[in-house]
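One-letter residues, chain by chain:
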Amino acid sequence: MIKKSSAIVLCAAALSPFAVQAQKRAEQHDLVYVTYAMGVVHADTLDPLKRDSSGLFKTDTSPMGLRIAAGRQWGPIWSTELSLTHYGTSTFEAPVANAHGWATASGVALWSVWRAPTDLGLVWATRLGVSHNWSRGVAREDGYADIDKHWGTWAPAYGLGLEYPLGEGWRVQLTGDLTNVRIGDDRPAVKFYALGVTKAF
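Residues numbered from 1 in each chain as written. Predicted model: local features only at pLDDT ≥ 70, side-chain atom pairs only at ≥ 80, totals over all residues. Heavy atoms only, no water.

Caption draft 1: Summary view of the overall build of the protein chain. Across its full length, the protein chain carries 1 helix and 9 strands. Beginning at the N terminus, the succession of helices and strands in the protein chain can be written as α-β-β-β-β-β-β-β-β-β. Across the 201 residues of the protein chain, 35% fall into the buried class. Sequence-distant contacts in the protein chain: of pairs separated by 6 or more residues, those separated by 24 or more amount to 60%. If you sum the accessible surface of the protein chain, you get close to 11900 Å²; carbon and sulfur atoms cover 66% of it. (Helix = DSSP H or I, 4+ residues; strand = E, 2+ residues; numbered from the N terminus. Buried < 20%, exposed > 50% of the residue type's maximum accessible area, 1.4 Å probe, protein only. Contact = heavy atoms within 4.5 Å. Areas by Shrake-Rupley, 256 points an atom, 1.4 Å probe, with all protein chains shown as cover.)

Right, dumping it as structure tokens:
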């Protein structure tokens, strides 16, 4: 009986590290996390006047953007995220006509994210989602009433990122996302290149 008990104790002691590691892996696959990211936004035609080829317009269509996201890790490679992104503000001016204005856009997106670890410790993150984006454009010209327009649209969203775990639930990431906003009759592609930090709980 003593030998049998001793064998059970030794077996349990030998297996306990594996049980702890298995529990940790299970916990790591079932995490809630939040992400904060900031970066550069590029839009091909974020304001309609950018299409003018006269050279009379000065535009800034690479504003700074911000994103806050919350996600849930459902398994070792798959998670879902809900994000709120502000795509910054683009400006234009036409000195000859004493006109100027700006356009801004934001969006809420639901993402499905697949992660693939590499041998270097980095993790590729592929993102596919659907986004509802809203935008506003304002134009002012001397002697005329302001033009103030609002638009909204649904659009698919795509993303690719590279993440590096730091330990204790922290990781940094470089991401690039693509979606569309609506400005008048145009639906320009908006690209968001960001550096972010994630904390898992």
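Next comes the rest of the account.
Caption draft 2: Quick peek at the environment of Gly152. Position of Gly152 relative to the elements: it lies in strand E7 (residues 147-167). A relative accessible area of 34% places Gly152 in the partly exposed class. On a C-alpha basis, the gap between Gly152 and Ser135 in space is 6.3 Å, while along the polypeptide they are 17 residues apart.

Caption draft 3: Fine view of the environment of Ser106. The topology assignment puts Ser106 in strand E5 (residues 99-117). Ser106 sits in the buried class, given a relative accessible area of 13%. Put simply, Ser106 and Ser135 are 29 residues apart on the chain and 6.4 Å apart in space, counted from C-alpha to C-alpha. A distance of 3.0 Å separates polar atoms of two side chains, one belonging to Ser106 and the other to His86. (Polar contact = N/O pair within 3.5 Å; in protein donor to acceptor, adjacent residues only side chain to side chain.)

Caption draft 4: Geometry of the pairing of E5. Relative to strand E6 (residues 123-141), E5 runs antiparallel, the two sharing 19 bridges. Within E6, the residue paired with Val113 across the bridge is Arg127. The antiparallel pairing of E5 with E6 creates a hairpin that spans 5 residues between the two strands, and Gly121 there sits at a positive phi of about 90°. (Pairing = 2+ DSSP bridges.)

Caption draft 5: Main features of unusual backbone geometry. The backbone phi angle of Glu168 is positive, close to 60°, even though this residue is not glycine. Among the structural elements, Glu168 can be located in the loop between E7 and strand E8 (170-180). Judged by relative accessible area, which is 72%, Glu168 ranks as exposed.

Caption draft 6: Local environment of the packing of aromatic side chains. For the structure on display, the rule yields 2 aromatic pairs. Ring centres of Tyr87 and Phe192 lie 6.4 Å apart, and the angle between their planes is 85°; this geometry places the pair in the edge-to-face category. In this pair, Tyr87 sits in strand E4 (residues 78-94) while Phe192 sits in strand E9 (residues 189-200), placing the two residues 105 residues apart along the sequence. A relative accessible area of 0% means that Phe192 is categorised as buried. Lying over the aromatic face of Trp74, Arg72 brings its terminal NZ or CZ to 4.7 Å of the ring centre. When the ring centre of Tyr33 is taken as origin, the NZ or CZ atom of Arg171, which lies over that ring, is 4.9 Å away. (Phe/Tyr/Trp six-rings, centres within 6.5 Å; stacked < 30°, edge-to-face > 60°. Lys NZ or Arg CZ within 6 Å of the ring centre and 35° of its normal.)

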